[in-house]
Every structure is written in C-alpha cells, then in structure tokens.
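Fold and contact review
So the chains spell out like this:
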Amino acid sequence: MTETTSAEAWQAKSVLTKIAAFVADRNIPFVVCSIGMIVMLLWAGKFKMTAPGAEGIIPLVTNSPFMGWLFKVFGPYIGSDMIGATEWTAAILLIIGYFEPKAGILGGIILVGMFFTTSSMLITTPDDTIVVHGIHYMNNLGLFLFKDIISFGVAFYLISYYGRKAIMAENHV
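Everything numeric here is computed off the predicted structure, so don't read it as measured data.

In this section: helix α8 (residues 140-170). Count 3.6 residues to each turn of an α-helix, and residues three or four apart come out pointing the same way. The end-to-end C-alpha separation of α8 is 45 Å, in line with the 45 Å expected for 31 residues at 1.5 Å each. Within two residues after α8, His172 carries a phi angle of roughly 55 degrees, on the positive side.

Right, let's talk about the packing of helix α3 (residues 28-48) against helix α7 (residues 101-124) for a bit. At a minimum axis distance of 13 Å, the contact between α3 and α7 shows a crossing angle of 60 degrees. With respect to α7, the element α3 is oriented oblique. α7 is crossed by α3, and the crossing has left-handed handedness. For the pair α3 and α7, the contacting residues are Met37, Met40 and Leu41 in the first and Leu111, Met114 and Phe115 in the second. Residues of the contact of α3 with α7, tallied by class, amount to 6 nonpolar, no polar and no charged.

All right, on to a nonpolar patch on the surface then. Taken together, Val31, Ile35, Val39, Trp43, Ile95, Tyr98 and Phe99 make up a surface patch of nonpolar side chains, about 740 Å² in accessible area. Position of Phe99 among the secondary structure elements: in the loop between α6 (68-97) and α7.

Quick look at the pattern of salt bridges now. Taken as a whole and judged by the stated rule, the model has 3 salt bridges. Salt-bridge contacts for Glu170 lead to Lys102; the nearest nitrogen and oxygen are separated by 2.9 Å. With Glu170 in helix α8 and Lys102 in helix α7, this residue pair connects regions lying 68 residues apart in the sequence. Close ionic contact of Lys147 with Asp148 constitutes a salt bridge, the shortest N to O distance being 2.6 Å. Note on Lys147: relative accessible area 29%, which makes it partly exposed.

Attention now goes to the pairing of strand β2 (residues 135-138). Pairing of strand β1 (residues 129-132) with β2 involves 4 bridges; the strand directions are antiparallel. Counted as the bridge partner of Thr129 is Met138 from β2. Linking β1 back to β2 in an antiparallel pair, the connection comprises 2 residues, with His133 at a positive phi of about 50 degrees.

Relative to the helices and strands, Ser64 resides in the loop between α5 (58-62) and α6. Among the residues examined, Ser64 registers a relative accessible area of 5% and is labelled buried.

Per the stated rule, a full pass over the model turns up 8 aromatic pairs. With a centroid separation of 5.4 Å and 90 degrees between ring planes, the pair formed by Phe30 and Tyr162 is classed as edge-to-face. With a gap of 132 residues between them, Phe30 in helix α3 and Tyr162 in helix α8 connect regions that are remote in the sequence. Per residue, the accessibility class of Phe30 equals that of Tyr162, and both read buried. Ring plane angle 45 degrees and centroid distance 6.4 Å describe the contact between Phe116 and Phe152, whose orientation is recorded as tilted. Here the residue Phe116 occupies a position in helix α7, and Phe152 occupies one in helix α8, the gap between them amounting to 36 residues. Taking relative accessible area as the criterion, Phe116 reaches 43% and is therefore assigned partly exposed.

Parameters at a glance
Residues numbered from 1 in each chain as written. Predicted model: local features only at pLDDT ≥ 70, side-chain atom pairs only at ≥ 80, totals over all residues. Heavy atoms only, no water. Helix = DSSP H or I, 4+ residues; strand = E, 2+ residues; numbered from the N terminus. Expected span 1.5 Å × (residues − 1). Axes fitted to C-alpha atoms, helices over the stretch in contact; angles between N-to-C directions. Parallel < 35°, antiparallel > 145°, perpendicular 65-115°, else oblique. Left-handed = near helix turned anticlockwise from the far one by under 90°. Contact = heavy atoms within 4.5 Å. Nonpolar A, V, L, I, M, F, W, Y, C, P; charged D, E, K, R; others polar. Patch = residues over 30% accessible without salt bridge, like charges linked within 9 Å, V, L, I, M, F, W, Y side chains within 5 Å. Areas by Shrake-Rupley, 256 points an atom, 1.4 Å probe, with all protein chains shown as cover. Salt bridge = Lys/Arg side-chain N within 4 Å of Asp/Glu carboxyl O. Buried < 20%, exposed > 50% of the residue type's maximum accessible area, 1.4 Å probe, protein only. Pairing = 2+ DSSP bridges. Phe/Tyr/Trp six-rings, centres within 6.5 Å; stacked < 30°, edge-to-face > 60°.

Here it is as structure tokens:
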C-alpha cells in the first residue's frame, strides 16, 4: 500500500487545487487542529482546577443529565478538578499520538465523549440565550457551549487521522 501525495492524486492544475494540494501535503489541517485542541484542553483544564473555573461551570454541570451526579457526589471543586484532569489526560494522549497513534485515537475518543456531553448542555442549561425583539440569540454562556460542537467535529477528525497512521503502522507502510 503506497501513499500518493495529494498533488498526484488530484493532479492539481489550477491555482486553487495547487493551494489545496499544498495544504494537504503538509498536513496543515492536522497540525492546526491538533495543536489548537491540545492548547485549548491544557488551558481550559487548568482553569477548571481553580476556584473561579469551578464556580463558572456550576450551572452547566448541575443542569446536565450526564454530569449532574459528579457535583452531587464530589462537590463542585473536586468535580471540576476531575473534569480538568480529564481534559489534561486527553491532551497528553494527543501529544503521545504524534509518536504512538493509538494513544491519539484514545485521546480523540475521550474528546468525543467529553464534547458530546458538553454540547448537550446547550439543551439542558437554562438562560443560555437572550431574546432580542422576539428572536433568541446565544448569550456568552450559549456561545461558550457552542464551541464544543465545533470541537466535537475536530475530535472525530483527530480520531480518523491518528487511525490512518495506526493502520499504516500495523501494516508496516
């Protein structure tokens, strides 16, 4: 199984397809998505391990059918630390995935679960919208949650990227 470059597969001729081939050949989407996700997870995870970070997610977690139990059992500070540690774990697995792709797959799977859970909070958290002239718009809380829908898609992309690398390694390509 040989891997052809994007330029060969696409036979890039126009300026637009040459740009697309350049981007694909250099794995720019993976680099930007993976580094962006790692930085976001480390940053957000660390913030959740602070008192303001824990207090900021109380309305989100307590209204979640998936996560509400966490704060009931552990309280908001330890519960928030656990969420932050999960984000750090996923980030570390994505980093290890650069060298061992199966670790990146596992990190991506953690992200899918995490972002599915937080995306569902858009539905379960009250007051995540404001009404202006009868039209509902997301407020800062709603926008904060909406980024997780985008991250949900990035998590699937990272699983597929690391998955292709792991398959190639298993087949010694």
